[in-house]
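Listed below are the residues making up each chain.
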Amino acid sequence: MSKILITNDDGINSRGIKAAVDALQGLGDIYVIAPMFQRSASGRAMTLHRPLRAKRVTMKGVKAAYALDGMPVDCIVFALARFGSFDLAISGINLGENMSTEITISGTASAAIEAATHGIPSIAISLEVDREKHKFGEGEEINFTTAKFFLRKIAEAVLRRGLPKGVDMLNVNVPYDANENTPIEITRLARRMYNPSIEERIDPKGTPYYWIVGTQCPREVLEPGTDMYAVKVERKVSVTPINIDMTAKVDLGQLREHLGI
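These numbers come from a predicted model, not from an experiment.

Chemist: Can you explain the packing of aromatic side chains? Please cite residues and give values.
Modeler: Here the structure, examined in full by the defined rule, presents five aromatic pairs. Judged by centre distance (4.8 Å) and plane angle (45°), the rings of Y31 and F83 are tilted. Placement of the pair is Y31 in strand 2 (residues 29-35) and F83 in helix 2 (residues 72-83), with a sequence separation of 52 residues. A relative accessible area of 9% means that Y31 is categorised as buried. Taken together, the ring pairs connect Y31, Y66, F78, F83 and F86 into an aromatic cluster. Across from the ring centre of F86, 4.7 Å away, lies the NZ or CZ of K3, which sits over that ring. The positively charged end of R235 is found above the aromatic ring belonging to Y176, 5.2 Å away from the centroid.

Right, dumping it as C-alpha coordinates:
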(Lines give C-alpha, C1' and ligand atoms only; values in the text may rest on other atoms or scores of the structure.)
Protein backbone atom coordinates (compact mmCIF):
# COMPACT_ATOMS: atom_id res chain seq x y z
CA MET A 1 0.00 0.00 0.00
CA SER A 2 1.37 3.40 -1.00
CA LYS A 3 1.97 6.10 1.62
CA ILE A 4 0.79 9.57 0.62
CA LEU A 5 1.55 12.80 2.48
CA ILE A 6 -0.66 15.87 2.09
CA THR A 7 0.08 19.38 3.30
CA ASN A 8 -1.04 22.89 2.35
CA ASP A 9 0.10 26.36 3.34
CA ASP A 10 -3.53 27.49 3.66
CA GLY A 11 -3.72 25.63 6.97
CA ILE A 12 -5.27 22.48 8.40
CA ASN A 13 -8.82 23.82 8.09
CA SER A 14 -8.58 24.63 4.39
CA ARG A 15 -11.17 22.94 2.21
CA GLY A 16 -8.35 22.49 -0.28
CA ILE A 17 -6.77 19.89 2.01
CA LYS A 18 -10.09 18.11 2.42
CA ALA A 19 -10.53 18.17 -1.37
CA ALA A 20 -7.07 16.63 -1.85
CA VAL A 21 -7.84 13.90 0.68
CA ASP A 22 -11.09 13.15 -1.12
CA ALA A 23 -9.39 13.11 -4.53
CA LEU A 24 -6.77 10.55 -3.46
CA GLN A 25 -9.01 8.04 -1.70
CA GLY A 26 -8.12 4.46 -2.62
CA LEU A 27 -4.62 5.27 -3.85
CA GLY A 28 -2.91 4.51 -0.53
CA ASP A 29 -2.69 5.39 3.14
CA ILE A 30 -3.04 9.14 3.48
CA TYR A 31 -1.32 11.26 6.14
CA VAL A 32 -2.06 14.97 6.59
CA ILE A 33 0.41 17.29 8.31
CA ALA A 34 -0.42 20.97 7.84
CA PRO A 35 0.08 24.30 9.60
CA MET A 36 -2.46 25.28 12.25
CA PHE A 37 -2.78 28.70 10.62
CA GLN A 38 -2.58 30.39 7.23
CA ARG A 39 1.06 30.37 6.10
CA SER A 40 0.92 31.66 2.53
CA ALA A 41 4.11 33.18 1.11
CA SER A 42 6.23 31.53 3.82
CA GLY A 43 8.56 30.05 1.20
CA ARG A 44 11.32 27.79 2.52
CA ALA A 45 11.14 29.16 6.06
CA MET A 46 11.77 26.69 8.89
CA THR A 47 11.12 27.10 12.62
CA LEU A 48 14.48 26.88 14.35
CA HIS A 49 14.22 29.52 17.09
CA ARG A 50 11.51 27.88 19.22
CA PRO A 51 9.93 24.45 19.77
CA LEU A 52 7.16 23.21 17.52
CA ARG A 53 3.75 22.26 18.87
CA ALA A 54 1.68 19.56 17.18
CA LYS A 55 -1.96 18.69 17.71
CA ARG A 56 -3.51 15.42 16.58
CA VAL A 57 -6.73 16.11 14.68
CA THR A 58 -9.54 13.94 13.37
CA MET A 59 -9.98 13.92 9.61
CA LYS A 60 -12.11 11.51 7.64
CA GLY A 61 -10.31 9.26 5.17
CA VAL A 62 -6.79 9.60 6.56
CA LYS A 63 -4.46 7.35 8.51
CA ALA A 64 -3.26 10.20 10.75
CA ALA A 65 -3.52 13.99 10.75
CA TYR A 66 -1.63 16.65 12.70
CA ALA A 67 -1.82 20.43 12.88
CA LEU A 68 1.60 22.00 13.42
CA ASP A 69 2.20 25.54 14.69
CA GLY A 70 4.98 26.01 12.17
CA MET A 71 5.61 26.45 8.47
CA PRO A 72 4.79 24.16 5.53
CA VAL A 73 8.43 23.02 5.32
CA ASP A 74 8.30 22.16 9.03
CA CYS A 75 5.32 19.92 8.26
CA ILE A 76 7.35 17.86 5.80
CA VAL A 77 10.23 17.46 8.26
CA PHE A 78 7.81 16.50 11.04
CA ALA A 79 6.02 13.97 8.82
CA LEU A 80 9.26 12.24 7.83
CA ALA A 81 10.46 12.09 11.43
CA ARG A 82 7.13 10.76 12.66
CA PHE A 83 6.08 8.38 9.89
CA GLY A 84 9.15 7.65 7.77
CA SER A 85 9.34 8.11 4.02
CA PHE A 86 6.43 8.44 1.60
CA ASP A 87 5.74 7.30 -1.93
CA LEU A 88 4.14 10.61 -2.89
CA ALA A 89 3.83 14.08 -1.37
CA ILE A 90 1.03 16.47 -2.30
CA SER A 91 1.00 20.15 -1.38
CA GLY A 92 -2.44 21.60 -2.03
CA ILE A 93 -5.03 22.05 -3.29
CA ASN A 94 -3.94 25.65 -2.74
CA LEU A 95 -6.30 28.59 -2.96
CA GLY A 96 -4.78 30.84 -5.59
CA GLU A 97 -2.33 30.05 -8.35
CA ASN A 98 1.41 29.57 -7.75
CA MET A 99 3.31 30.28 -10.93
CA SER A 100 6.54 31.72 -12.33
CA THR A 101 9.92 31.79 -10.63
CA GLU A 102 8.07 33.21 -7.62
CA ILE A 103 7.19 29.66 -6.56
CA THR A 104 10.23 30.00 -4.29
CA ILE A 105 8.09 32.40 -2.20
CA SER A 106 5.15 30.00 -2.11
CA GLY A 107 4.66 27.87 0.99
CA THR A 108 2.74 25.42 -1.19
CA ALA A 109 5.53 24.90 -3.71
CA SER A 110 8.23 25.04 -1.02
CA ALA A 111 6.65 22.17 0.91
CA ALA A 112 6.74 20.05 -2.25
CA ILE A 113 10.34 21.11 -2.89
CA GLU A 114 11.28 20.08 0.65
CA ALA A 115 9.71 16.64 0.13
CA ALA A 116 11.56 16.36 -3.19
CA THR A 117 14.89 17.05 -1.46
CA HIS A 118 14.24 13.83 0.50
CA GLY A 119 13.70 11.86 -2.71
CA ILE A 120 9.90 11.82 -2.54
CA PRO A 121 8.05 12.38 -5.85
CA SER A 122 6.05 15.52 -5.20
CA ILE A 123 3.18 17.52 -6.64
CA ALA A 124 2.26 21.09 -5.76
CA ILE A 125 -1.24 21.86 -7.02
CA SER A 126 -2.97 25.24 -6.95
CA LEU A 127 -6.39 26.42 -8.07
CA GLU A 128 -6.72 29.87 -9.58
CA VAL A 129 -9.34 31.97 -7.81
CA ASP A 130 -11.29 34.76 -9.47
CA ARG A 131 -11.49 37.03 -6.44
CA GLU A 132 -8.62 38.26 -4.25
CA LYS A 133 -10.53 37.64 -1.01
CA HIS A 134 -10.57 33.89 -1.69
CA LYS A 135 -6.76 33.58 -1.65
CA PHE A 136 -6.43 33.83 2.11
CA GLY A 137 -9.63 32.15 3.25
CA GLU A 138 -10.52 28.52 3.82
CA GLY A 139 -12.28 28.02 0.48
CA GLU A 140 -15.88 28.08 1.66
CA GLU A 141 -17.20 29.25 -1.74
CA ILE A 142 -14.73 27.43 -3.98
CA ASN A 143 -15.62 24.50 -6.23
CA PHE A 144 -12.71 22.04 -6.16
CA THR A 145 -14.27 19.42 -8.47
CA THR A 146 -12.04 20.02 -11.48
CA ALA A 147 -8.85 20.46 -9.44
CA LYS A 148 -9.60 17.15 -7.70
CA PHE A 149 -10.02 15.46 -11.08
CA PHE A 150 -6.61 16.62 -12.33
CA LEU A 151 -4.90 15.91 -9.01
CA ARG A 152 -6.06 12.30 -9.05
CA LYS A 153 -5.16 11.88 -12.73
CA ILE A 154 -1.62 13.15 -12.21
CA ALA A 155 -1.12 11.44 -8.83
CA GLU A 156 -2.14 8.06 -10.28
CA ALA A 157 0.42 8.47 -13.06
CA VAL A 158 3.22 9.44 -10.65
CA LEU A 159 2.44 6.56 -8.27
CA ARG A 160 2.41 4.15 -11.18
CA ARG A 161 5.47 5.38 -13.11
CA GLY A 162 7.33 7.77 -10.81
CA LEU A 163 8.73 11.01 -12.24
CA PRO A 164 11.03 11.15 -15.27
CA LYS A 165 14.76 11.39 -14.66
CA GLY A 166 15.69 14.99 -13.91
CA VAL A 167 12.24 15.89 -12.58
CA ASP A 168 11.88 16.20 -8.80
CA MET A 169 8.40 17.69 -8.55
CA LEU A 170 5.50 18.92 -10.63
CA ASN A 171 3.97 22.35 -10.16
CA VAL A 172 0.33 22.22 -11.30
CA ASN A 173 -2.04 25.17 -11.76
CA VAL A 174 -5.71 24.78 -12.62
CA PRO A 175 -7.78 27.71 -14.01
CA TYR A 176 -10.91 28.45 -11.98
CA ASP A 177 -13.11 27.96 -15.07
CA ALA A 178 -11.49 24.65 -16.13
CA ASN A 179 -13.45 21.44 -16.59
CA GLU A 180 -12.45 17.82 -17.05
CA ASN A 181 -11.96 18.39 -20.80
CA THR A 182 -9.57 21.31 -20.34
CA PRO A 183 -6.24 20.53 -22.05
CA ILE A 184 -3.06 20.07 -20.02
CA GLU A 185 -0.01 22.05 -21.15
CA ILE A 186 3.53 21.10 -20.11
CA THR A 187 5.17 24.44 -19.40
CA ARG A 188 8.23 26.26 -18.10
CA LEU A 189 8.19 28.86 -15.35
CA ALA A 190 7.44 32.44 -16.35
CA ARG A 191 10.01 34.97 -15.21
CA ARG A 192 7.81 36.58 -12.57
CA MET A 193 4.13 36.82 -11.70
CA TYR A 194 3.89 40.07 -9.72
CA ASN A 195 5.51 43.49 -9.71
CA PRO A 196 5.75 44.11 -5.95
CA SER A 197 5.80 47.49 -4.25
CA ILE A 198 5.30 48.99 -0.81
CA GLU A 199 2.15 50.87 0.16
CA GLU A 200 2.50 53.28 3.08
CA ARG A 201 -0.43 54.00 5.37
CA ILE A 202 -0.82 55.97 8.58
CA ASP A 203 -2.25 54.46 11.76
CA PRO A 204 -4.58 56.40 14.13
CA LYS A 205 -1.56 57.59 16.14
CA GLY A 206 0.08 59.09 13.08
CA THR A 207 2.74 56.39 12.73
CA PRO A 208 3.36 55.01 9.25
CA TYR A 209 3.04 51.30 8.51
CA TYR A 210 3.57 49.37 5.33
CA TRP A 211 1.93 46.68 3.20
CA ILE A 212 3.71 44.73 0.50
CA VAL A 213 1.37 44.88 -2.49
CA GLY A 214 1.74 43.87 -6.09
CA THR A 215 0.15 44.00 -9.51
CA GLN A 216 0.12 40.97 -11.76
CA CYS A 217 2.18 41.17 -14.92
CA PRO A 218 -0.08 42.19 -17.83
CA ARG A 219 -1.23 39.42 -20.15
CA GLU A 220 0.32 41.05 -23.21
CA VAL A 221 3.87 40.50 -21.89
CA LEU A 222 3.39 36.81 -21.06
CA GLU A 223 5.49 34.41 -23.11
CA PRO A 224 3.98 31.39 -24.89
CA GLY A 225 5.18 28.14 -23.34
CA THR A 226 5.18 29.50 -19.79
CA ASP A 227 2.87 28.50 -16.96
CA MET A 228 1.32 31.95 -16.78
CA TYR A 229 0.58 32.04 -20.50
CA ALA A 230 -1.08 28.61 -20.35
CA VAL A 231 -3.34 29.54 -17.42
CA LYS A 232 -3.98 33.24 -17.97
CA VAL A 233 -4.18 33.38 -21.77
CA GLU A 234 -4.96 29.88 -23.04
CA ARG A 235 -7.03 28.84 -19.98
CA LYS A 236 -5.25 25.47 -19.86
CA VAL A 237 -4.04 23.41 -16.91
CA SER A 238 -0.33 24.06 -16.49
CA VAL A 239 2.08 21.31 -15.41
CA THR A 240 5.64 22.52 -14.89
CA PRO A 241 8.44 20.01 -14.21
CA ILE A 242 10.79 21.28 -11.50
CA ASN A 243 14.36 20.20 -10.76
CA ILE A 244 15.60 21.27 -7.34
CA ASP A 245 19.20 21.60 -8.57
CA MET A 246 19.24 25.34 -9.31
CA THR A 247 22.78 25.28 -10.70
CA ALA A 248 22.81 27.31 -13.91
CA LYS A 249 23.34 25.15 -17.00
CA VAL A 250 26.42 26.96 -18.27
CA ASP A 251 29.95 26.06 -19.26
CA LEU A 252 31.74 26.29 -15.92
CA GLY A 253 35.09 26.88 -17.61
CA GLN A 254 33.67 29.83 -19.54
CA LEU A 255 32.23 31.23 -16.31
CA ARG A 256 35.66 30.95 -14.62
CA GLU A 257 37.18 32.83 -17.56
CA HIS A 258 34.39 35.42 -17.48
CA LEU A 259 34.99 36.10 -13.79
CA GLY A 260 38.76 36.03 -14.16
CA ILE A 261 39.30 33.44 -11.44
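Chemist: So what about the pattern of salt bridges? Which residues, and what values?
Modeler: One pass over the structure, following the stated rule, counts twelve salt bridges. In this structure, the salt-bridge partner of R201 is E199, at a minimum N-O distance of 2.7 Å. When its relative accessible area of 37% is taken as the criterion, R201 is described as partly exposed. Bridged by salt links that share partners, the residues E97, E128, D177, K232 and R235 form one connected network.

Chemist: Can you lay out unusual backbone geometry for me, pointing to particular residues and giving the numbers?
Modeler: With an omega dihedral of 5°, the bond running from G92 to I93 counts as a cis peptide bond. Take I93: it is sitting in strand 5 (residues 88-95). Despite not being glycine, S100 has its phi angle at roughly 70°, a positive value. With respect to the secondary-structure elements, S100 resides in the loop between strand 5 and helix 3 (107-117). Classification of S100 by relative accessible area gives buried; the value is 0%.

Chemist: Could you give an account of the side chain of S91, with specific residues and numbers?
Modeler: Structurally, the position occupied by S91 is in strand 5. A polar contact is formed between the side chain of S91 and the backbone oxygen of T108, at a distance of 2.7 Å. Excluding its chain neighbours within four sequence positions, the residues that come into contact with S91 are T7, N8, G107, T108, A111, A112, I123, A124 and I125.

Chemist: An account of the side chain of N171 is needed here, citing residue identities and associated values.
Modeler: With respect to the secondary-structure elements, N171 resides in strand 7 (residues 169-174). Within the structure, N171 has its side chain in polar contact with the backbone oxygen of N98 (distance 2.9 Å).

Chemist: Break down the packing of helix 2 against helix 3 for me, with residues and values.
Modeler: Their axes nearest at 8 Å, the elements helix 2 and helix 3 cross at an angle of 30°. Accordingly, the angle class assigned to the pair helix 2 and helix 3 is roughly parallel. In the packing of helix 2 onto helix 3, the handedness of the crossing is right-handed. Contacts from P72, V73, I76 and V77 of helix 2 reach helix 3 at G107, S110, A111, E114 and A115. Looking at the contact of helix 2 with helix 3, its residues break down into six nonpolar, two polar and one charged.

Chemist: Any chance you could break down the pairing of strand 9 (residues 194-202) for me, citing the residues and the numbers?
Modeler: Sheet topology places strand 9 next to strand 10 (residues 208-216); nine bridges connect them, and they run antiparallel. Its bridge partner being in strand 10, I202 is matched across the sheet by P208. The hairpin turn running from strand 9 into strand 10, its antiparallel successor, is five residues long, and G206 in that turn takes a positive phi close to 85°.

Chemist: Could you give an account of the packing of helix 1 (residues 15-23) against helix 4 (residues 145-161), naming the residues involved and the relevant values?
Modeler: One can describe the packing of helix 1 onto helix 4 by two numbers: an axis separation of 9 Å at closest approach and a directional angle of 50°. Regarding the angle of helix 1 to helix 4, the classification is oblique. For the pair helix 1 and helix 4, the sense of crossing is right-handed. Here helix 1 contributes A19, A20, D22 and A23 to the contact with helix 4, which in turn contributes K148, L151 and R152. Residues of the contact of helix 1 with helix 4, tallied by class, amount to four nonpolar, no polar and three charged.

Chemist: Before we move on, could you go through helix 1 and cite the residues and values that matter?
Modeler: By the burial criterion, the buried members of helix 1 are G16, I17, A19, A20, V21 and A23. Buried positions along helix 1 lie against strand 1 (3-7), strand 2, strand 5 and helix 4. With a side-chain oxygen lying 3.0 Å from the backbone nitrogen of G16, the N-terminal cap of helix 1 falls on S14.

Rules used in this analysis
Residues numbered from 1 in each chain as written. Predicted model: local features only at pLDDT ≥ 70, side-chain atom pairs only at ≥ 80, totals over all residues. Heavy atoms only, no water. Phe/Tyr/Trp six-rings, centres within 6.5 Å; stacked < 30°, edge-to-face > 60°. Helix = DSSP H or I, 4+ residues; strand = E, 2+ residues; numbered from the N terminus. Buried < 20%, exposed > 50% of the residue type's maximum accessible area, 1.4 Å probe, protein only. Lys NZ or Arg CZ within 6 Å of the ring centre and 35° of its normal. Salt bridge = Lys/Arg side-chain N within 4 Å of Asp/Glu carboxyl O. Polar contact = N/O pair within 3.5 Å; in protein donor to acceptor, adjacent residues only side chain to side chain. Contact = heavy atoms within 4.5 Å. Axes fitted to C-alpha atoms, helices over the stretch in contact; angles between N-to-C directions. Parallel < 35°, antiparallel > 145°, perpendicular 65-115°, else oblique. Left-handed = near helix turned anticlockwise from the far one by under 90°. Nonpolar A, V, L, I, M, F, W, Y, C, P; charged D, E, K, R; others polar. Pairing = 2+ DSSP bridges.

Any functional reading would require information that these geometric values do not contain.
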